[in-house]
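# Observations on the model geometry
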Amino acid sequence: AIMGLTTSRMESAAVMPPMTNADDAADDAAAEAAANAAKTGDGPRTGRVDYGDLPCPVKYEEMQREVMMSLKADLFEGARFDYNKQLNQKFFLSHGFFLGNVEVPAQGQIVKLPTSTYEFGANVVDQDYMLVGRILTDGRVSGRVKYDLSDWLSLKLQSTKEPGFSQVMFDADFKGLDYQAQLKYGSGKFYGVNYLQSVTPTLSLGGEGFYLGTQGKSGVGFAARYADDKTVATGQIATTGLLSLTYCTKVSEKAMLASDFLWNWNQRSAQASVGYDYILRQCRIRGRIDNHGVVSTYLEERLNVGLNLILSAEVDHFNKNHKFGFGMTVGE
């Protein structure tokens, strides 16, 4: 699912439509990590803490990026083929074909209906700006523009439109030496703000707030993130009734273990999962199992330069719902 925008879990609890873009978030996270590594160096510092020279933390909405990349693989059911063509150093096109099923709940059961889509994408990437556009045959359209005005200020505009729904979100990101802040404004009279501050070389504390004018809802949240060479742990709590905890650790240079826990006080429900992320020379395999007994595995294998094989599997014995997918990716 390439369509959509990005919000935090607290904002999503305000009965807002889901707006998650895993690919975009992963790209932003990788770019941000490289920039932070160049500026602050890898790993925590030892000895006496110099509070005037703390590292810059990750963005507030990317606090859980390590766990998300390990546990939230892009599972699918059916067949998928993606082709990426780079026309020059700044401009490339993408084509995506999908043949699978869409799940429709009916009288307590899950009915699967066959579906097929084609997606066309155009991307322009420069040192200071990025333009991304997607259009699908089922009527969905999305676009994203990001421009870096300076080393400490960047602007981002995201929009998505699909049958019966449309949304626009504007972000202003501020990056300091030891903090990151963000202002948000979106359709539906949505206002948001978040802030994350490094308090030690390994610990960051922050908070967020939002107001959704069309629904008259608001919320405030607080968060903490601990990160060293091997371990990343996060905790978030919000007035919307959400409590989120994540933990991941490197057990070797190639293997990582991760877990997450989400408690919704208003719905009296909880979700938890544990998983692994194993990276070999030619492939990457991710797997997880949650508290409902759902087991999933996602394999990406490089067969040759510019040719990748994708295998996806999700087995839910309790609901007798099994999903298997096969995919190929051509181009870098």
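First, a word on scope: everything that follows refers to the structure included in this document. (Residues numbered from 1 in each chain as written. Predicted model: local features only at pLDDT ≥ 70, side-chain atom pairs only at ≥ 80, totals over all residues. Heavy atoms only, no water.)

### Concerning the pattern of salt bridges
According to the stated counting rule, one finds 17 salt bridges in the structure shown. Note that R65 and E66 form a salt bridge whose closest N and O atoms lie 3.4 Å from each other. Between K90 and D126 there is a salt bridge, with its nearest N and O atoms 2.7 Å apart. Of this pair, K90 sits in the loop between strand 1 (78–86) and strand 2 (91–106) while D126 sits in the loop between strand 3 (109–125) and strand 4 (129–136), and the two are 36 residues apart along the sequence. With a relative accessible area of 42%, K90 lands in the partly exposed category. Overall, D126 belongs to the partly exposed group, its relative accessible area being 22%. (Salt bridge = Lys/Arg side-chain N within 4 Å of Asp/Glu carboxyl O. Helix = DSSP H or I, 4+ residues; strand = E, 2+ residues; numbered from the N terminus. Buried < 20%, exposed > 50% of the residue type's maximum accessible area, 1.4 Å probe, protein only.)

### Description of a nonpolar patch on the surface
Taken together, L131, V145, L157, V168, F170, Y185, Y191 and Y211 make up a surface patch of nonpolar side chains, about 700 Å² in accessible area. You can see Y191 is positioned in strand 9 (residues 190–198). (Patch = residues over 30% accessible without salt bridge, like charges linked within 9 Å, V, L, I, M, F, W, Y side chains within 5 Å. Areas by Shrake-Rupley, 256 points an atom, 1.4 Å probe, with all protein chains shown as cover.)

### Digging into the packing of aromatic side chains
How two aromatic rings sit relative to each other is given by the distance of their centres and the angle of their planes. Enumeration according to the criterion identifies eight aromatic pairs in this entry. Pairing Y129 with Y147 gives two aromatic rings, centres 6.5 Å apart and planes at 15°, and the pair type is stacked. In this pair, Y129 is assigned in strand 4 and Y147 in strand 5 (residues 141–148), connecting sequence segments 18 residues apart. Considering the side-chain rings of Y179 and Y195, the 5.6 Å spacing of their centres and the 25° angle between planes classify their relative orientation as stacked. Placement of the pair is Y179 in strand 8 (residues 179–186) and Y195 in strand 9, with a sequence separation of 16 residues. Y195 gets classed as partly exposed once you look at its relative accessible area, which sits at 34%. An aromatic cluster of at least three residues, connected via ring pairs, comprises F81, F97 and Y118. Lying over the aromatic face of W265, R268 brings its terminal NZ or CZ to 4.0 Å of the ring centre. (Phe/Tyr/Trp six-rings, centres within 6.5 Å; stacked < 30°, edge-to-face > 60°. Lys NZ or Arg CZ within 6 Å of the ring centre and 35° of its normal.)

### Description of the pairing of strand 15 (residues 269–279)
Sheet topology places strand 14 (residues 255–264) next to strand 15; ten bridges connect them, and they run antiparallel. Bridging across to strand 15, S259 finds its partner in V274. Between strand 14 and strand 15, which follow one another and run antiparallel, lie four residues, and R268 among them has a positive phi close to 50°. In the sheet, strand 15 pairs with strand 16 (residues 283–290) via seven bridges, with the strands oriented antiparallel. Within strand 16, the position partnered with S273 by the bridge is D290. Taking the residues between adjacent antiparallel strands as the criterion, strand 15 and strand 16 are bridged by three residues. (Pairing = 2+ DSSP bridges.)

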